[in-house]
Amino acid sequence: MSSEVSLPAEWDDDERMNFLFSDFKENRDVNTTDWDSKMDFWTALILKSCRDRGSVCVNLQDLNRTFRRQDRSPLGLSTVLQSMARCGKIQRESEFAANVDCGWLSWGVGLLLVKPLKWTFSTLLGSSRVPLEESFVVIELVKEKAAELLREYRSSEFSNCSIVSFQELCSFSSDVCADESTLCMALLQLQRDKQVTVSLHEGEKIVKFCQPGQERVSPVSDVDVGIYQLQRSEKLLGDRVQKLSLEADKCKEEARVLLREGKKSQALRCLRGRKRVERRADNLFAKVESIREILDRIAQSQTDKMVMQAYQAGVAALRLSLKDVTVERAESLVDQIQELCDTQDEVNQALSTGVTAADEDVDELEEELKSLLEESKPDSISGLPAVPTNGLLASGESILSSLPDAPRSHLNITAEQLEEELNQLTLTDSGSQKKKVMSPAKRLEPAQ
């Protein structure tokens, strides 16, 4: 059993594992619950074991060795692989590679393990036997590995290079892909997703990645190859300049040591050698700068090309949007709008004047109004008394004569009665003032 794979807790349950290690029934309908339970267990465990090992491929021989328990191997793994193949969870490695452009098969390095097998995948699905060494690709895992590889490239120092060599790819993807076979499977998946393309240049495998902002990678062109060569030359010349700088420092240190020992002539020779090395380094550095300038100009030209394409697209869109628009048509539309506005103003003015009656009707109405005014004079208003015509004096005398006579006898009240009534009024006023100054507590006392 491989120590790299973590096994479930029920692995120590003998009764449960005896059931899981037994072979599947020939007919699933006999007991669908047991069949599905066993199938789900082994399918999940196979995926987990591959993910723990960082592998995207699996074969029956490795599975028997990985899941061996008490000198026994599971008897139903062949059936599990067939079921996973029917569901599309795994695919034969040769079939997986054949679905990609044939350019991949021209590598010829034996990494993809593509063998000229005579039997087909349909034969596998109809057979009860699976070859022990036949390798299958786990589709879910290879997609995950491809996404990780693409993220690793875009976060690496090679992200500004659209083309990288296969060896460089292996170096910076070692943490993602455990071996070259896994790397090739991930590249195959990326090529199926149109994210990379692979070609050969002077016997060297090169990989071109899709750049940010692009939906799919473009084929390798002569410009791409030229840029790749310039970048390679820049790197090689930069390494040589670094080596020459170290050699010059070494010559300077040797000259210092010889001068301390009194070997002046030898020290001078070391200094002359140091000067020659520095001149070579300066010449190489000047070439590196020239290459960098060319690369910068190429990058600028690509930016200019992108801007020109955007301009062209904008002009085409503008031309299409203004296809049926002309100055004459615009002026005609403006005139029509002005005419309609004038017509609307005239209609509003006509509606605001109202309806005017005929002349004869107006005359009749005026006569009737005149007669109503004459009938509604103040002296003819019904319900009100007539205004008197005689003088004010006569009117006053008539009013006085209608009033009753005033009494002429003396009042029967004596002085003593008046004095007694005055005293009562005085006592009443004093009692009212005492009530006003009485405290609230006094007011609340009960009456005696």
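For the structure, check the block above.
The rules behind each value
Residues numbered from 1 in each chain as written. Predicted model: local features only at pLDDT ≥ 70, side-chain atom pairs only at ≥ 80, totals over all residues. Heavy atoms only, no water. Phe/Tyr/Trp six-rings, centres within 6.5 Å; stacked < 30°, edge-to-face > 60°. Helix = DSSP H or I, 4+ residues; strand = E, 2+ residues; numbered from the N terminus. Buried < 20%, exposed > 50% of the residue type's maximum accessible area, 1.4 Å probe, protein only. Lys NZ or Arg CZ within 6 Å of the ring centre and 35° of its normal. Salt bridge = Lys/Arg side-chain N within 4 Å of Asp/Glu carboxyl O. Expected span 1.5 Å × (residues − 1). Contact = heavy atoms within 4.5 Å. Pairing = 2+ DSSP bridges. Patch = residues over 30% accessible without salt bridge, like charges linked within 9 Å, V, L, I, M, F, W, Y side chains within 5 Å. Areas by Shrake-Rupley, 256 points an atom, 1.4 Å probe, with all protein chains shown as cover. Lys, Arg positive; Asp, Glu negative; His and termini not counted. Charge placed at Lys NZ, Arg CZ, Asp CG, Glu CD. Axes fitted to C-alpha atoms, helices over the stretch in contact; angles between N-to-C directions. Disulfide = S-S within 2.5 Å. Core = buried A, V, L, I, M, F, W, Y, C linked by side-chain atoms within 4.5 Å. Polar contact = N/O pair within 3.5 Å; in protein donor to acceptor, adjacent residues only side chain to side chain. Parallel < 35°, antiparallel > 145°, perpendicular 65-115°, else oblique. Left-handed = near helix turned anticlockwise from the far one by under 90°. Nonpolar A, V, L, I, M, F, W, Y, C, P; charged D, E, K, R; others polar.

Considerations on the packing of aromatic side chains
So, step 1. Inspection of every chain in the model, using the stated rule, returns nine aromatic pairs.
So, step 2. Seen in terms of ring centroids, Trp11 and Phe21 are 5.7 Å apart; in terms of plane orientation they differ by 65 degrees. Their pairing is edge-to-face. Here Trp11 is found in the segment before helix 1 (14-21), whereas its partner Phe21 is found in helix 1, with 10 residues between them in sequence. Pair check on accessibility: Trp11 and Phe21 agree, each one buried.
So, step 3. With 6.5 Å between their ring centres and 50 degrees between their planes, Trp11 and Phe67 make a pair best called tilted. Within this pair, whereas Trp11 is found in the segment before helix 1, its partner Phe67 is found in the loop between helix 3 (60-66) and helix 4 (77-86), the two being separated by 56 residues in sequence. Residues Trp11 and Phe67 agree in their burial class; the two are buried.
So, step 4. Among the aromatic residues, those joined into a ring-pair cluster are Trp11, Phe21, Phe41, Trp42 and Phe67.
So, step 5. In this structure, Lys38 is placed above the aromatic ring of Phe19, and the distance from its NZ or CZ to the ring centre is 4.8 Å.
So, step 6. Residue placement shows Lys38 over the ring face of Phe24; its charged tip is 5.0 Å from the ring centre.

Things to note about the pattern of salt bridges
So, step 1. Inspection of the entire model under this criterion finds 17 salt bridges.
So, step 2. Within the structure, one salt-bridge network assembled from shared partners comprises Arg51, Glu140 and Glu144.

Some remarks on helix 10 (residues 222-260)
So, step 1. Between its first and last C-alpha atoms helix 10 spans 57 Å; for 39 residues at 1.5 Å apiece the expected length is 57 Å, and the two agree.
So, step 2. The set of residues buried in helix 10 consists of Asp224, Val225, Ile227, Tyr228, Leu237, Val241, Leu244, Ala248, Cys251, Ala255 and Leu258.
So, step 3. Buried residues along helix 10 sit in contact with strand 4 (163-165), strand 5 (196-201), strand 6 (204-209) and helix 11 (264-321).
So, step 4. After helix 10 finishes, the residue Gly262 shows a positive phi value of roughly 85 degrees.

Let's talk about the pairing of strand 3 (residues 135-138)
So, step 1. Neither face of strand 3 is left uncovered, since the one carrying Ser135 and Val137 and the one carrying Phe136 and Val138 both have all their residues buried.
So, step 2. When strand 1 (residues 57-59) meets strand 3, the two strands line up antiparallel, connected through three bridges. For Val58, the partnering residue across the bridge sits in strand 3 and is Phe136.
So, step 3. Relative to strand 3, strand 2 (residues 90-92) runs antiparallel, the two being bridged by three bridges. Considered in strand 3, the bridge of Arg92 is made with Phe136.

Considering a negative patch on the surface
So, step 1. Taken together, the side chains of Glu328, Glu331, Asp335, Glu339, Asp342, Asp345 and Glu346 present a region of like negative charge at the surface.
So, step 2. Of note, Asp335 is situated in helix 12 (residues 327-353).

Thoughts on the sheet that holds strand 1
So, step 1. Taken in spatial order, the three strands of this open sheet run 1-3-2, and their pairing is antiparallel. Whereas interior strands pair on both sides, the edge strands pair on one side only; in this sheet they are strand 1 and strand 2. If you compare each strand with its neighbour and ignore which way they point, the axes differ by 40 degrees on average.
So, step 2. Strands strand 1 and strand 3 of the sheet are contacted by helix 2 (residues 32-53), whose axis makes an angle of about 125 degrees with strand 1.

Let's talk about the state of the cysteines
So, step 1. Taken as a whole and judged by the stated rule, the model has zero disulfides.
So, step 2. Among the cysteines around Cys177, which has no disulfide bond, Cys170 carries the closest sulfur, lying 8.5 Å off.
So, step 3. Given a relative accessible area of 5%, Cys177 falls into the buried group.

So, the nonpolar core
So, step 1. Counting residues in each nonpolar core, the largest one holds 37 residues, and the members touching the most others are Trp42, Ile46, Phe67 and Met185.
So, step 2. For this core, the element with the highest residue contribution is helix 2, accounting for eight residues.
So, step 3. With 22 residues, the next largest nonpolar core counts Leu169, Ala186, Val207 and Phe209 among its residues.

Description of the sheet that holds strand 5
So, step 1. If you trace the three strands from one edge of the open sheet to the other, you get 4-6-5, paired in antiparallel fashion. The strands lining the two open edges of the sheet, one partner per strand, are strand 4 and strand 5. Each strand axis lies, on average, 30 degrees off the axis of its neighbour in the sheet, ignoring direction.
So, step 2. Two strands pair when backbone bridges link them, and strand 5 and strand 6 are joined in this way by six bridges, in the antiparallel orientation.

Side note on the side chain of Lys38
So, step 1. Mapped onto the fold, Lys38 is located in helix 2.
So, step 2. We note that Lys38 is buried and unpaired, the nearest opposite charge coming from Asp23 at a distance of 6.5 Å.
So, step 3. A distance of 3.3 Å separates the side chain of Lys38 from the backbone oxygen of Asp23, its partner in a polar contact.
So, step 4. Setting aside anything within four residues of it in sequence, one finds Lys38 in contact with Phe19, Leu20, Ser22, Asp23 and Phe24.

Points about a nonpolar patch on the surface
So, step 1. Side chains of Val307, Met308 and Tyr311 sit close together on the surface and give an oily, nonpolar patch of about 310 Å² of accessible area.
So, step 2. Mapped onto the elements of the fold, Met308 is located in helix 11.
So, step 3. Taking relative accessible area as the criterion, Met308 reaches 46% and is therefore assigned partly exposed.

As for the packing of helix 10 against helix 11
So, step 1. Where helix 10 contacts helix 11, the axes come no closer than 8 Å and their chain directions differ by 160 degrees. Classified by the angle between their axes, helix 10 and helix 11 sit roughly antiparallel to one another. Regarding helix 10 and helix 11, the two cross each other, and that crossing is left-handed.
So, step 2. Here the contact of helix 10 with helix 11 is composed, by residue class, of 22 nonpolar, five polar and 10 charged.

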